[in-house]
Amino acid sequence: MKVLEKLNKNISKITPYQPGRPIEDVARELGLDPDGIVKLASNESALGVAPSAVEVIKNFAEEAFRYPDGGAYQLRQKICKKFDLNEKEVIFGSGSNEILVFLAMTLMGEGKSVIASEKAFVIYKILSMMTGTEFREIPMKGLTHDLEAMADAITKDTSIVFVCNPNNPTGSMVTEAEIDKFMERVPEDVLVVFDEAYAEICLGDMPNTMKYFREGRASIVLRTFSKAYGLAGLRVGYGMGPEAIIQALEKPRQPFNTTLIGQLAAAAALDDEQFIKDSRDTYIQGRQLFEEFCEKKGLEYEKTYANFMLIKTGNGADITAKLTAKGVIVRPMAPYGLGDWIRVSLGKSEENQKFVDVLDEILD
Ligand SMILES: Cc1ncc(COP(=O)(O)O)c(C=O)c1O
């Protein structure tokens, strides 16, 4: 179509993000019973929605005709109290993903550069390309961020360094001591974004990264209700940082970007410590099962600190297709340059067992 000649020039270079396939989609295509399909492809909560949130979702169904409070008052109060922040130090997004979009609109553009590991959440790269920003993909140490190399890569035009911790898709972590050393080298005109989508269910020692912005450093911390709290379908994420930076990110935010029910469900889930504990216990068990399986089969894997694990199965696309055909949805890792690997989310014990049994069958 003629109008496509007027597409913004960066758009044509973008390969759209490929999310984990929905259960219904796979069921339709392969003629499978959706109830028999296990989805371990998007690092969703193994235990479903936090029970405290379920109640709120039901109770407020009839209020959904109203626009939400654009300022997310109730949720904001709870986050501010929990993390000892003032109201202007928090921003909400339709998932933390939308806050990444605000970052792109605010701090990316031609003539600027952005730094991240070469195998980190691919949205950083997509947003950089979309905005004509130079994206510097830094090789990792094994499958862990090389923070020294990331600091070395900073130049005058660098606006953002993304530190995804625990890192998606590798599951690896960097420690607080390593981040301290890295922060010493970051100039004051560079924003460090700690993307901590898995913080609450982290299976290692979660570094305290809020201390940097509390010390006045240019850094923000991104969190989400999608993973630990099981609210991926309601799309609520948040960013915390210095007031001046958060208020700059507020400018591109549309007035009703988070939903009424999403805000209320998130506010209820935030206190659900038992759910977080149960979730972590489930992930610890799942990780152990997958590790034992990999060791038995002689498969390489990356030690994970989040609710997913990278496994080197050989030809990840082919293995993914075979697993899908047998009702287990995982993610091939070729888009991350890991063609021989798959990423599998840690699910409920019966789901994990199904994955292990089916993969065992395929590999034999
Ligand atoms: C590291 C990381 N950041 C951000 C996101 C975005 O999550 P959401 O937009 O659901 O908050 C994800 C989701 O997979 C992720 O893994």
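Residues numbered from 1 in each chain as written. Predicted model: local features only at pLDDT ≥ 70, side-chain atom pairs only at ≥ 80, totals over all residues. Heavy atoms only, no water.

Enquirer: Help me understand the site of the ligand, please; the structure alone is not making it clear to me.
Expert: In the region of the ligand, 13 residues are neighbours, and S96, N168, Y198, T224 and S226 sit closest. In the model, an oxygen atom of the ligand is placed 2.5 Å from a nitrogen or oxygen of the T224 side chain. Taking 390 Å² as the accessible area of the ligand by itself, protein coverage stands at 93%. (Near = heavy atom within 4 Å. Polar contact = N/O pair within 3.5 Å; in protein donor to acceptor, adjacent residues only side chain to side chain. Areas by Shrake-Rupley, 256 points an atom, 1.4 Å probe, with all protein chains shown as cover.)

Enquirer: Sorry, what's going on with the domain arrangement of the protein here?
Expert: How large an interface is tends to be reported as the accessible area lost when its parts come together. Split by domain assignment, the protein resolves into domain 1 (7–48 + 273–363) and domain 2 (51–269). The C-alpha centroid of domain 2 is placed 24 Å from the C-alpha centroid of domain 1. At the interface, 32 residues of domain 1 touch 32 residues of domain 2. In this assembly, domain 1 packs against domain 2 so that about 2,800 Å² is buried in total across both faces, 65% of it on carbon and sulfur atoms. Contact with domain 2 buries surface across domain 1, with Y17, Y305 and Y336 losing the most and accounting together for 24% of the total. Counting across the interface, domain 1 meets domain 2 through 1 salt bridge. A salt bridge links K9 to E110; its shortest N-O distance comes to 2.8 Å. (Domains from an automatic or database assignment. Contact = heavy atoms within 4.5 Å. Buried area = accessible area lost by both parts, 1.4 Å probe. Salt bridge = Lys/Arg side-chain N within 4 Å of Asp/Glu carboxyl O.)

Enquirer: How do you make sense of the sheet that holds strand β5 (residues 158–164) when you look at a structure like this?
Expert: Backbone-to-backbone hydrogen bonds pair the strands of a sheet. The strands run either parallel or antiparallel. The strand order across the open sheet formed by 7 strands is β2-β8-β7-β6-β5-β3-β4, and the pairing between neighbours is mixed. The two strands at the open ends of the sheet, each matched to only one other strand, are β2 (90–93) and β4 (134–138). In this sheet, neighbouring strand axes are inclined to one another by 20 degrees on average, regardless of whether the strands run parallel or antiparallel. In this sheet, β5 lies alongside strand β3 (residues 113–117) in parallel orientation, the contact comprising 3 bridges. Within the sheet, the bridge partner assigned to V114 lies in β5 and is I160. Contacts from helix α3 (residues 73–83) reach β2, β7 (219–224) and β8 (237–240), with the element oriented near 130 degrees to β2. Helix-sheet contacts for helix α7 (residues 176–185) involve β5, β6 (191–195) and β7, and the interaxial angle to β6 is about 160 degrees. (Pairing = 2+ DSSP bridges. Helix = DSSP H or I, 4+ residues; strand = E, 2+ residues; numbered from the N terminus. Axes fitted to C-alpha atoms, helices over the stretch in contact; angles between N-to-C directions.)

Enquirer: Can you help me understand the sheet that holds strand β12 (residues 331–332) in this one?
Expert: Strands sit in the order β9-β10-β13-β12 across an open sheet of 4 strands; the sheet is antiparallel. Two strands close off the open sheet at either side, each with one partner strand: β9 (300–301) and β12. Strand direction decides the pairing type here: strand β10 (residues 308–312) and strand β13 (residues 341–345), joined by 5 bridges, are antiparallel. Among the inter-strand pairings, F308 is bridged to a residue of β13, identified as S345. Contacting β9, β10 and β13, helix α11 (residues 273–297) runs over the sheet at an angle of about 5 degrees to β10. Packing against the sheet, helix α12 (residues 316–325) makes contact with β12 and β13, and its axis sits at approximately 40 degrees to β13.

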